[in-house]
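# Structural overview
Residue-level listing of the chains:
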Amino acid sequence: MASITENLSAFKKAIPDYVDLVAVSKTKPVADLQEAYDAGQRIFGENKIQEMTDKWEVLPKDIRWHMIGHVQTNKVKYMAPYVSLIHSADRLKLFKEVNKEAEKNDRVIDVLLQVKIAEEDSKFGMDPEEAKKLLSGDQLNKYPNVRVVGLMGMASFVDDEAQIKREFSQLEKIYNTFKESRGFSVLSMGMSGDYRLALEHGSTMIRIGSSIFGARNYD
Ligand SMILES: *Cc1c(COP(=O)(O)O)cnc(C)c1O
């Protein structure tokens, strides 16, 4: 099996320069993240706030930590001092909480609105129609310490490429509709299994776990 360093360098060669690579390190030990860091990787994605905070405490401070998993409002405070981007903002209550905790820390926190694009039942992400309504209105402007810099979505876990393309294309359309008026710069779309299709549909940020760090035992 190739090493983390080899996997990272293969990825850097395979993706265009304008695409940001988030190394999804959830469940992986600090030594694995340190190896990726030593190979030049600076953006890491985690899906649990406690685990991310434990890693943030011991790893170099120039790492940019991205929260990619479902966020409980009562835990926002633990990551508010340092989180660099929250991919999974999917309800107004969460925007409100992030705004409150960001203000306490004298920061503006960047977030992505997570939109539910998977045709299969998925628990998280805002319904696309609701997302469009929210992006058209002025509700989001009420949170001065939250900056919505783009959108995030996950395709269904299926082999059917046509379906995955349909789902990515739906998010690409919403992104392009609001890109100018909202000043969006980030479309977070694509994982180990489907990042090539995501790049064909305008993704600017891919979230790669197993293809860098190897398979996970649990999630
Ligand atoms: C785990 C996870 C990833 C990475 O998945 P891989 O298939 O291991 O690349 C990407 N995005 C989210 C939201 C995840 O939870």
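Note that this is a predicted model, so its numbers are computed, not measured. (Residues numbered from 1 in each chain as written. Predicted model: local features only at pLDDT ≥ 70, side-chain atom pairs only at ≥ 80, totals over all residues. Heavy atoms only, no water.)

## Notes on the site of the ligand
Lining the immediate surroundings of the ligand are Val24, Lys26, Ile68, Met154, Met191, Ser192, Arg207, Ile208, Gly209, Ser210 and Arg216. A distance of 2.8 Å separates an oxygen atom of the ligand from a polar backbone atom of Ser210. A distance of 2.8 Å separates an oxygen atom of the ligand from a polar atom in the side chain of Arg216. In the complex, 89% of the free accessible area of the ligand, which totals 390 Å², lies under the protein chains. Of the residues contributing to the shell around the ligand, the split by class is 5 nonpolar, 3 polar and 3 charged. (Near = heavy atom within 4 Å. Polar contact = N/O pair within 3.5 Å; in protein donor to acceptor, adjacent residues only side chain to side chain. Areas by Shrake-Rupley, 256 points an atom, 1.4 Å probe, with all protein chains shown as cover. Nonpolar A, V, L, I, M, F, W, Y, C, P; charged D, E, K, R; others polar.)

## Some words on the UniProt feature "domain: Alanine racemase N-terminal" (unreviewed entry) in the protein
In the UniProt entry, the feature "domain: Alanine racemase N-terminal" (unreviewed entry) is given for residues 2-216. Its end C-alpha atoms 15 Å apart, residues 2-216 is made of 41% helix and 19% strand. (UniProt positions renumbered as here; feature names shortened; annotations may be inferred. Helix = DSSP H or I, 4+ residues; strand = E, 2+ residues; numbered from the N terminus.)

## Things to note about the pairing of strand S6 (residues 146-153)
The buried fraction of S6 amounts to 7 of the 8 residues, a majority that puts the element mostly inside the structure. Judged from the 6 bridges that link them, strand S5 (residues 109-114) and S6 form a sheet pairing that is parallel. Across the sheet, the residue bridging to Leu112 is Gly150, located in S6. This β-α-β element, S5 to helix H6 (residues 128-136) to S6, shows right-handed connectivity. Note: S6 against strand S7 (residues 186-189), 4 bridges, orientation parallel. Following the sheet pairing, Gly153 is matched in S7 by Met189. Note that the unit made of S6, helix H7 (residues 161-182) and S7 has a crossover that is right-handed. (Buried < 20%, exposed > 50% of the residue type's maximum accessible area, 1.4 Å probe, protein only. Pairing = 2+ DSSP bridges. Right-handed = clockwise from strand over helix to strand, strands pointing away.)

## Overview of the side chain of Asn145
Counting through the fold element by element, Asn145 comes out in the loop between H6 and S6. What makes Asn145 buried here is its relative accessible area of 14%.

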